[in-house]
Amino acid sequence: MSETLERLVGEFAKLPGIGRKTAQRLALYILKSGGDEARSLAAALIDLKEKARPCRECSNITEEELCGVCSDTRRDTTRILVVEEISDLMAVEATREYKGLYHVLMGAISPIDGIGPDDTTAGKLVERVKRGGVEEVILATNPNLRGEATALYITGALKPYKVKVTRIAYGMPMGGALEYADSGTLIKSLEGRREV
Amino acid sequence: MFLKSLSLLSIRNYSRLDVELGPGMNLFHGGNAQGKTNLLEAVSFLASLRSFRGVKAPALLAWGAAEGMVRGEVVREQAHSSSSRRLTVGISKEGRRVTLDGKKPGSVREYLLSLKVVSFSPEDLFLVREYPAHRRRFLDRSVFHAHPSYIDVVGRCAASVKQLNAALRAGDDKVMESWEELLVPLAAEVTLRRRERVAGLGPRAAALYDSTLGSGELGLTYRSQARGEGKDELESSYRELFRKKRAEGIRRGSCQAGPQFDDLGITLSGRDMRLTASRGQGRLALLALVLADAEVYRDEQGEYPVLLLDDVASELDVRRRDALMDYVSGMGQALLTSTDETLVSGRDCRLFLVEDTGDGAAIKL
């Protein structure tokens, strides 16, 4: 393989979810395409790194000081939904049902991997609550061990402040079938049952 | 439930074996080092995906073989019908691959639930004499068949203990607290389930020991740092324990509370068997424990598990041997090994002569 092609394949292959084969296919596609396409891809990559940055408040991605959500005056500023990653924020935002603000932790606490609270934006969340005006913090970290531990950590850290802390519910996925649900989900659904 | 057929391919000293088993007693007899125990090990592996010799899957492969396989057809008799499933474990240098009726099972749990064996092997004597971890695993396996989701609780508990250990070494109090709090309900559930199991096994094992196997009062107790009746009380007990032992945990770099410190206590006439049991007593206590597990399984599932008894007769006197064989013949399927075929003389039992003539073991009817 030529050196320049090999270099691009190597770069693509570093990306998450991209194996050697796919990397090769992407590189060959770029090779075949016109020069404009390659230039615009390169520019998009560089712009992302140079212009995009974390929102001062919630760590969502933005080109400004504040992200689109934080700067939107129609949002309900008394609620903060806490998520681990920007992709989680994007998933909730896609529902168009949540009107409050977000806080992206940029990770979850995992001592085994050497990730402590200071490697997340948990401290910034406490600062936001401390400043006042927040009535409810909704913990939407993932329902796995790290996510649960992180939720517990934040609950503890917010205890001194007058703010309602809630945790998203566990249960069956909508449109799902009982017979295909894993037993952990089924058990949580049973525990969380409600009178109708 | 019983194993209707068993096939081995490149396992230990078997290059190939296909054998039909009876629903009652089956005796594999023959001289020493012919491959009798290897057969039971293969069945135990098929059921639990662990070797009772404590080795990893590739160790079961025949010398020089790159791949091997254990397959069994399990028949379960329900009240009005019977069903059969084909369990297969493919073994290679990389590990194992399981299938149920030729398809990848939805989960390992589904696979593990489809065949229950209880096994006695002289190599299991450490269950009585030595490591608490073996006793906890014995209990965990026993609980699992009654509460399949328990396997996840045990897994989450172990993972949280590791995280807590790392947190104790990292030194952030608040992070330690979070992982302790996460551990509390998991630890309480593990302790509660194991303790319930011991309460179920205890009277059964005691009756077996006193009437059939030995004489004396066999006692099983579950020992835990945590105190309390129900789940709530155990949870507050663990919460307090984690808090009290945190300083020591930081000093040692690992948490000093939790169900990983629990143990199954086995006493004979009030005396701790770990310290005072003779070999013979240890053997009988282990047998009582294993048979009690089978009885409890039958109470819960309505059928006996498959019983594996490796070299069970040696070191037993004639009276106990006969009493044991009487008892076993009243249970479901049993696979036994012995150098002595008179072990089952006069009983309804299928006999298999196991012989290794130098180019691999074979079975003669």
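Residues numbered from 1 in each chain as written. Chains lettered and ligands numbered in written order. Predicted model: local features only at pLDDT ≥ 70, side-chain atom pairs only at ≥ 80, totals over all residues. Heavy atoms only, no water.

*Asks:* Looking at this structure, I do not really get the overall build of chain B. What am I missing?
*Replies:* Along its length, chain B carries 11 helices and 14 strands. Against the 2.2 N^0.38 benchmark of 21 Å for 365 residues, chain B shows a C-alpha radius of gyration of 22 Å, consistent with a compact globule. Projected onto the principal axes, the alpha-carbon positions of chain B cover approximately 65 × 50 × 45 Å. Here the analysis covers contacts within chain B between residues at least 6 apart in sequence; of these, 70% occur between residues at least 24 apart. (Helix = DSSP H or I, 4+ residues; strand = E, 2+ residues; numbered from the N terminus. Rg over C-alpha atoms; globule rule 2.2 N^0.38 Å. Contact = heavy atoms within 4.5 Å.)

*Asks:* Any chance you could explain the sheet that holds strand β2 (residues 14-20) of chain B here in plain terms?
*Replies:* In a beta sheet, neighbouring strands are held together by backbone hydrogen bonds and run either parallel or antiparallel to one another. Residues and elements named next belong to chain B. Taken in spatial order, the 5 strands make up an open sheet running β2-β1-β4-β5-β6, and their pairing is antiparallel. Only two strands of the sheet have a single neighbouring strand rather than two, namely β2 and β6 (95-100). Recorded for the sheet is a direction-independent mean angle of 10° between the axes of neighbouring strands. Direction of pairing for strand β1 (residues 2-11) relative to β2: antiparallel, over a ladder of 6 bridges. (Pairing = 2+ DSSP bridges. Axes fitted to C-alpha atoms, helices over the stretch in contact; angles between N-to-C directions.)

*Asks:* Would you explain the packing of helix α1 (residues 3-13) of chain A against helix α2 (residues 20-32) of chain A in this entry?
*Replies:* All names here are of chain A. The interhelical angle for the contact between α1 and α2, taken along N-to-C directions, is 130°, at an axis separation of 8 Å. With respect to α2, the element α1 is oriented oblique. In this structure, the crossing between α1 and α2 has a hand that is right-handed. Each of Leu 5, Glu 6, Leu 8, Val 9, Phe 12 and Ala 13 in α1 lies in contact with α2, whose residues at this interface are Arg 20, Ala 23, Gln 24, Leu 26, Ala 27, Leu 28 and Ile 30. Here the contact of α1 with α2 is built from residues that sort into 10 nonpolar, 1 polar and 2 charged. (Parallel < 35°, antiparallel > 145°, perpendicular 65-115°, else oblique. Left-handed = near helix turned anticlockwise from the far one by under 90°. Nonpolar A, V, L, I, M, F, W, Y, C, P; charged D, E, K, R; others polar.)

*Asks:* Hey, could you run me through the nonpolar core in this one?
*Replies:* Note that soluble globular proteins tend to have their nonpolar side chains buried in a common cluster. Judged by nonpolar contacts, the single largest core of 59 residues is most densely connected at Val 82, Val 137 and Ile 154 of chain A together with Trp 179 of chain B. Element by element, the count of residues in this core is highest for helix α6 (residues 173-213) of chain B, at 11 residues. Those residues in contact with Val 137 of chain A that lie beyond four places of it in its chain are Ile 80, Val 82, Val 129, Leu 158, Val 163, Lys 164, Val 165 and Thr 166 of chain A. By size, the runner-up hydrophobic cluster in this structure holds 47 residues, among which are Tyr 222, Met 273, Leu 287 and Leu 307 of chain B. (Core = buried A, V, L, I, M, F, W, Y, C linked by side-chain atoms within 4.5 Å. Buried < 20%, exposed > 50% of the residue type's maximum accessible area, 1.4 Å probe, protein only.)

*Asks:* I'm lost on the domain arrangement of chain A in this one. Help?
*Replies:* Interfaces are frequently sized by the accessible area removed from exposure as the parts join. Each assigned domain of chain A is listed here: domain 1 (3-51) and domain 2 (72-167). In this structure, domain 1 of chain A and domain 2 of chain A have C-alpha centres spaced 34 Å apart. (Domains from an automatic or database assignment.)

*Asks:* How should I be thinking about the interface of chain B and chain A in this particular structure?
*Replies:* On the chain A side, the residues contacting the 18 residues of chain B number 13 residues. Linking chain B with chain A are 0 salt bridges, by the criterion used here. If you look at where chain B meets chain A, you find 4 residue pairs in polar contact (both at pLDDT 80 or more). Taken together, the elements giving at least two residues each to the side of chain B that touches chain A come down to α5 (150-170) and α6 of chain B. When the residues that make up the side of chain B that touches chain A are grouped by side-chain class, the tally is 7 nonpolar, 4 polar and 7 charged. (Salt bridge = Lys/Arg side-chain N within 4 Å of Asp/Glu carboxyl O. Polar contact = N/O pair within 3.5 Å; in protein donor to acceptor, adjacent residues only side chain to side chain.)

*Asks:* Please explain the packing of helix α10 (residues 279-301) of chain B against helix α11 (residues 318-329) of chain B as it appears in this structure.
*Replies:* For any two helices packed against each other, the geometry is given by the interaxial angle and the distance between the axes. Residues and elements named next belong to chain B. Their axes nearest at 13 Å, the elements α10 and α11 cross at an angle of 10°. Taken as axis vectors, α10 and α11 run roughly parallel relative to one another. Contact residues: α10 offers Leu 284, Leu 287, Leu 291 and Glu 295, while α11 offers Arg 320, Leu 324 and Tyr 327. Tallied by class, the residues present in the contact of α10 with α11 amount to 5 nonpolar, no polar and 2 charged.

*Asks:* Help me understand the pattern of salt bridges in this model?
*Replies:* Note that side chains of opposite charge can pair when their charged atoms are close. One pass over the full model with this rule turns up 43 salt bridges over all chains. With a shortest N-O distance of 3.9 Å, Arg 39 of chain A and Asp 36 of chain A are connected by a salt bridge. Taken together, the positions of Arg 39 of chain A and Asp 36 of chain A, both in helix α3 (residues 35-51) and 3 residues apart, correspond to about one turn of that helix. For the residue pair Arg 39 of chain A and Asp 36 of chain A, the accessibility class agrees, reading exposed in each case. With its nearest N and O atoms 2.8 Å apart, the salt bridge here joins Asp 326 of chain B to Arg 347 of chain B. Placement of Asp 326 of chain B in helix α11 and of Arg 347 of chain B in the loop between β12 (334-338) and β13 (349-356) is noted, with a sequence separation of 21 residues between them.

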